[in-house]
Amino acid sequence: MNRRTLLSGICALPVAACSSAYSDLPVASAGSTTRYTLGPGDSIKVAVYGFDAMAGSYIVSDAGTISLPMLSTLQVAGKSAPELETEIASVLRTRDLAPNANVSVQVEKYRPFYILGEVQRPGQYPYVPGMTVLTAVSIAGGYTFRANKKVASVDRLTGTARSKARLDADSQVLPGDTIVVPEAWF
């Protein structure tokens, strides 16, 4: 075995070692096709025509619930705003409180996202709709000089299931995501 073959084999080892940690992860699904679902920490605004007592802002609890006057506790985690509107209207009709209930649910404040690893200021930040990995990194002060700018990983809660996936700079970030920017090997 000559020196050139030996050196190329030794140089390929760190590349294979660092890429396998992220190459084994599935690629994150496109967030633009995914409907936004409510989760713990979201702040929502509920309005029910004719029921001023129900109108107000509610924060989704750790258990994924909100408590509405006259309706008590509702499970909202994993539901979209339109689905929650339909559910509240259905409960009002079922209890004979409003035969033609007109309900509006809006997300007032999204739960934060988290970014760790090779960024200038790792931590928790407010989510902005339409956010990508690159904008999340920008909010966190940019990459460090050691950062791998081509790949990151995400720990994402979808409904009740938690998953890990691989992201690139243009991948969409969702509220509640934990993004990890790894160190580049060279």
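## Side note on unusual backbone geometry
Working step 1: In this structure, Ser 72 takes a positive phi of about 60 degrees despite not being glycine.
Working step 2: For Ser 72, a relative accessible area of 44% corresponds to the partly exposed category.
Working step 3: A positive phi angle is found at Asp 96, which is not glycine, with a value near 55 degrees.
Working step 4: Inspection of the secondary structure puts Asp 96 in the loop between helix H2 (81-94) and strand S5 (103-109).
Working step 5: With a relative accessible area of 70%, Asp 96 lands in the exposed category.

## Section: empty space enclosed by the protein
Working step 1: The final tally for this structure, using the stated rule, is one cavity of 30 Å³ or more.
Working step 2: Empty space within the largest cavity amounts to approximately 40 Å³.
Working step 3: By residue class, the composition of the lining of the largest cavity is seven nonpolar, one polar and three charged.

## Concerning the sheet that holds strand S1 (residues 43-48)
Working step 1: As summarised here, the arrangement of the three strands in space is S2-S1-S5, forming an open sheet in which the pairing is antiparallel. Edge positions in the open sheet fall to strand S2 (56-59) and S5, since each of these has one partner strand only. Each strand axis lies, on average, 30 degrees off the axis of its neighbour in the sheet, ignoring direction.
Working step 2: Pairing of S1 with S5, which is carried by six bridges, proceeds in the antiparallel orientation. Residue pairing across strands places Val 48 opposite Val 103, the latter belonging to S5.
Working step 3: The strands that H2 touches are S1 and S5; relative to S5, the one it contacts most, it runs at about 140 degrees.

## Remarks on the nonpolar core
Working step 1: Judged by nonpolar contacts, the single largest core of 23 residues is most densely connected at Ile 66, Ile 88 and Leu 92.
Working step 2: Looking at this core, the elements with two or more residues in it are S1, strand S3 (65-68), H2 and S5.
Working step 3: Considering every element that reaches this core, the biggest residue donor is H2, with six residues.
Working step 4: Leave out the neighbours within four places in its chain, and Ile 88 touches Val 46, Val 48, Leu 68, Leu 71, Leu 74, Val 103 and Val 105.

## Re the packing of aromatic side chains
Working step 1: Evaluated as defined, the whole model comprises three aromatic pairs.
Working step 2: Seen from their ring centres, Tyr 36 and Tyr 110 are 5.0 Å apart, and the 85 degrees between their planes marks the pair as edge-to-face. Remark: Tyr 110 occurs in the loop between S5 and strand S6 (113-117) and Tyr 36 occurs in the loop between helix H1 (3-23) and S1; sequence separation between them is 74 residues.
Working step 3: Judged by relative accessible area, Tyr 36 falls into the partly exposed class, the value being 24%.
Working step 4: Look at Tyr 110 and Tyr 127: their rings are 5.2 Å apart centre to centre, the planes differ by 70 degrees, and that puts the pair in the edge-to-face class. Of this pair, Tyr 110 sits in the loop between S5 and S6 while Tyr 127 sits in the loop between strand S7 (123-125) and helix H3 (133-139), placing them 17 residues apart in sequence.
Working step 5: Given the relative accessible area of 11%, Tyr 127 is considered buried.

## Details of the side chain of Thr 144
Working step 1: Relative to the helices and strands, Thr 144 resides in the loop between H3 and strand S8 (152-158).
Working step 2: Within the local environment of Thr 144, its side chain forms a polar contact with the side chain of Glu 118, the two groups lying 2.7 Å apart.
Working step 3: For Thr 144, the residues in contact, after removing those within four places along its chain, are Glu 118, Val 119 and Gln 120.

## So, the confidence of the model for the chain
Working step 1: Mean pLDDT over the chain stands at 82; residues scoring 70 or higher make up 80%.
Working step 2: Mean pLDDT across the elements of the chain ranges from a minimum in H1, with 45, to a maximum in S7, with 96.

Cut-offs used in this document
- Residues numbered from 1 in each chain as written.
- Predicted model: local features only at pLDDT ≥ 70, side-chain atom pairs only at ≥ 80, totals over all residues.
- Heavy atoms only, no water.
- Buried < 20%, exposed > 50% of the residue type's maximum accessible area, 1.4 Å probe, protein only.
- Helix = DSSP H or I, 4+ residues; strand = E, 2+ residues; numbered from the N terminus.
- 1 Å grid on protein atoms, 1.4 Å probe; cavity = no way out; pocket = protein on both sides within 12 Å on 5 of 7 lines; lining within 4 Å.
- Points joined across faces, edges and corners; volume = space filled by probe spheres on them.
- Nonpolar A, V, L, I, M, F, W, Y, C, P; charged D, E, K, R; others polar.
- Pairing = 2+ DSSP bridges.
- Axes fitted to C-alpha atoms, helices over the stretch in contact; angles between N-to-C directions.
- Contact = heavy atoms within 4.5 Å.
- Core = buried A, V, L, I, M, F, W, Y, C linked by side-chain atoms within 4.5 Å.
- Phe/Tyr/Trp six-rings, centres within 6.5 Å; stacked < 30°, edge-to-face > 60°.
- Polar contact = N/O pair within 3.5 Å; in protein donor to acceptor, adjacent residues only side chain to side chain.
- pLDDT = per-residue confidence, 0-100.

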